[in-house]
Amino acid sequence: MNKLQGFYELQYLGIPSIPWRRFTGTETLDPSLLWTVRVAVEEGDDYNLPRAVGLSSAEALERAREYLRRFSAKGMVLYYPYFIALISGIIDVKEKTTVLEAVHGDLWNLTTKGRVEVTYIIDRYTRERQVYGDDALLGEGKLHELIKYSARIRQKYRDLI
């Protein structure tokens, strides 16, 4: 599953995700916001596709139109409001456990730089958890919210898991 397929799945499951839209070339963007524009593909490898982050509305429209000209045959152009992540992470839903990893700031700190500030390994049946790192990073409320979403994922994909 590539990133775009993952975005579709998150929407389908009702799990919070970025409010992305497909760029067609006719959009107007709110000038009071900064924007992210990126190329996505429906299937296959989506590493190292072009993206532009934190652009003004005029710059974002210009870049999106350029990407649309260059990549419309191979993929699509997505846009969404720019945001600064305070905490990022991943959830790995397995048959008997859920593993959550989190880091301050952008997800690239975890995925590209290999930083992990906290790891939770949660037993599906006993709910016992092992914690490695800064247990205060997420707090109980966010941790329980993420566990709730992981249960939704496990239920939907139980045959695959």
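In short, a report on the structure.

Reading guide: rules and limits
- Residues numbered from 1 in each chain as written.
- Predicted model: local features only at pLDDT ≥ 70, side-chain atom pairs only at ≥ 80, totals over all residues.
- Heavy atoms only, no water.
- Salt bridge = Lys/Arg side-chain N within 4 Å of Asp/Glu carboxyl O.
- Buried < 20%, exposed > 50% of the residue type's maximum accessible area, 1.4 Å probe, protein only.
- Helix = DSSP H or I, 4+ residues; strand = E, 2+ residues; numbered from the N terminus.
- Pairing = 2+ DSSP bridges.
- Contact = heavy atoms within 4.5 Å.
- Axes fitted to C-alpha atoms, helices over the stretch in contact; angles between N-to-C directions.

## Examining the pattern of salt bridges
- Inspection of every chain in the model, using the stated rule, returns five salt bridges.
- A salt bridge links D92 to K94, with the nearest nitrogen and oxygen atoms 3.4 Å apart.
- Judged by relative accessible area, which is 34%, D92 ranks as partly exposed.
- Classification of K94 as partly exposed rests on a relative accessible area of 37%.
- Across the salt bridge formed by E145 and K142, the nearest N and O atoms sit 3.7 Å from each other. Within this pair, E145 and its partner K142 are both found in helix α4 (residues 139-156), separated by three residues, close to a single helical turn.
- Classification of E145 as partly exposed rests on a relative accessible area of 29%.

## What about the sheet that holds strand β2 (residues 35-40)?
- Spatially, four strands are ordered β1-β4-β2-β3 in an open sheet, and the strand pairing comes out antiparallel. Of all strands in the sheet, those bounded by a partner on one side alone are β1 (21-22) and β3 (51-55).
- Relative to strand β4 (residues 76-81), β1 is paired through two bridges, and the arrangement is antiparallel. Residue pairing for β4: R21 is matched across the bridge by Y79.
- Of the strands in this sheet, β2 and β4 touch helix α1 (residues 3-13), which is tilted by about 55 degrees from β4.

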